[in-house]
Amino acid sequence: MRIHVNHATIYTYDPPANGAIQTLRLTPRNHDGQYVVSWRIDVSEGCQLRAHQDAFGNLTHTFALDGPIKELRVLVEGEVETQDTAGVIRGINERFPPTFFLRNSDLTTADAELIAFAQASSGGEGDRIARLHALMDAITAAMEFDADPTHVSTTAAAAFKAKRGVCQDFAHIFTTCARHIGVPARYVSGYLVGDGAEAEQRAGHQAGHAWSEAYVEGLGWIGFDAAQGQCPTDAYVRLAVGLDYLGAAPVRGNRYGGGDENLTVALKVDQSSRQVQG
């Protein structure tokens, strides 16, 4: 599948901000099943993007902007060619051994309720893939998709207690539970065809998709999307990984001074009309 992405993130400040620093993890990498055909990032006039790879190997851009800033724009557009690999991720130079991703973080620390759920829903001893699918299915069944009760700093335990949340919360819960049963797991940010059905989004949740990857000996890293109840297909574009949302956030930064901040996100992810001819 060839996927076209158009993603705009716009901040407005009233009164204007004195300055801003942003870190962008908005550039996908090539790997088996994912090839970047074209990709560009445009930011507000006067910003100079500095490219590097972060500790996880994510392609990252940073910039700083001096004020006064009334509006800050980050515009992304590109095309990615994908193939269905049944969720298996290969062709990436991993920076850390899988056991690194057994670490908990503030957003992925289990409480007693989540520990009991992880143990009961993962099927006990047995085939690791079967246990992970059982865990994913149990989370999909237990949680309801709802953007209102959670925000970007909501923990896995808090979202699970509410039994409601967005894809970020589903990913945090799966990642937390997998680690608790001894399976290395990590958070993944990206896009899914159909993202942005609502043309504009205002609120704490930035547009985009999120899921998890778990490590299975003999196969490597495999994606699990508890929000959709499936392993990632060729309808997914993979951007970045981390221990949790904070390590893989597509857009993250700070502003200095100024008054109220208003965030508008417009996203469209669809199948490109320019398909590769076989």
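Numbering of residues starts from 1 in every chain and runs along the sequence as written. Only residues with pLDDT of at least 70 are given local features in this predicted model, and only at 80 or more are side-chain atom pairs given and counted; all residues enter the totals for whole chains, interfaces and linings. The side-chain quantities take in all heavy atoms of the structure and omit both hydrogens and water.

1. Regarding the pattern of salt bridges
- Whenever Lys or Arg places a side-chain nitrogen within 4 Å of a carboxyl oxygen from Asp or Glu, that contact is recorded as a salt bridge. In this structure the tally under the stated criterion is 14 salt bridges.
- One salt bridge in this structure joins Glu 79 and Arg 2, with 3.6 Å as the shortest N-O distance. Residue Glu 79 is found in strand β4 (residues 59-82), and its partner Arg 2 is found in strand β1 (residues 2-24); the two are separated by 77 residues along the sequence.
- When a residue's accessible area, from a 1.4 Å probe over protein chains only, is under 20% of the maximum for its type it is buried; when over 50% it is exposed; and in between it is partly exposed. Judged by its relative accessible area of 3%, Glu 79 is buried.
- Of the charged contacts, one joins Arg 25 and Asp 54 as a salt bridge, the two residues approaching to 3.0 Å between their closest N and O atoms. Of this pair, Arg 25 sits in the loop between β1 and β2 (34-43) while Asp 54 sits in the loop between β3 (50-53) and β4; the two residues are 29 residues apart in sequence, bridging distant segments of the chain.
- By relative accessible area, Arg 25 is classed as buried at 12%.
- Residue classification places Asp 54 among the buried positions, given a relative accessible area of 11%.
- Counted as one network, the salt bridges with shared partners bring together Glu 94, Arg 186, Glu 213 and Arg 238. Secondary structure follows DSSP: runs of H or I at least 4 residues long count as helices, runs of E at least 2 residues long count as strands, and numbering of each begins at the N terminus.

2. As for the sheet that holds strand β12 (residues 236-242)
- Strand pairing requires that DSSP identify at least two bridges connecting the strands. With antiparallel pairing, five strands are arranged side by side in an open sheet as β5-β11-β10-β8-β12. Of all the strands in the sheet, just β5 (88-89) and β12 have a single pairing partner and so form its edges.
- Bridge analysis of strand β10 (residues 209-216) against strand β11 (residues 220-224) gives five bridges, and the strand direction is antiparallel. Looking at β11, one finds that Tyr 215 is bridged to Trp 221.
- In what follows, a contact means two residues having at least one pair of non-hydrogen atoms within 4.5 Å. Axis definition: a line fit to C-alpha positions, over the contact stretch in the case of helices; interaxial angles, taken between N-to-C directions, run 0 to 180 degrees. In the packing of helix α2 (residues 128-142) onto the sheet, contacts are made with β10 and β11, and the angle to β10 comes to roughly 155°.

3. Thoughts on the packing of aromatic side chains
- Working definition: rings of Phe, Tyr and Trp (its six-membered ring) pair if their centres are within 6.5 Å, and the pair is stacked with planes under 30 degrees apart, edge-to-face with planes over 60 apart, and tilted otherwise. Taken as a whole and judged by the stated rule, the model has 13 aromatic pairs.
- Relative to Tyr 236, the ring of Trp 211 lies with its centre 5.0 Å away and its plane at 85°, an arrangement referred to as edge-to-face. Taken together, the positions of Trp 211 in strand β10 and Tyr 236 in strand β12 put the pair 25 residues apart, joining distant regions of the chain. For the pair Trp 211 and Tyr 236, one class covers both residues: buried.
- The ring of Phe 160 is capped by Lys 163, whose NZ or CZ atom sits 4.0 Å from the centre of that ring.
- Consider the ring centre and the ring normal. A charge sits over the ring if Lys NZ or Arg CZ is within 6 Å of that centre and within 35 degrees of that normal. Sitting over the face of the ring of Phe 101, Arg 186 holds its NZ or CZ atom 5.3 Å from the ring centroid.

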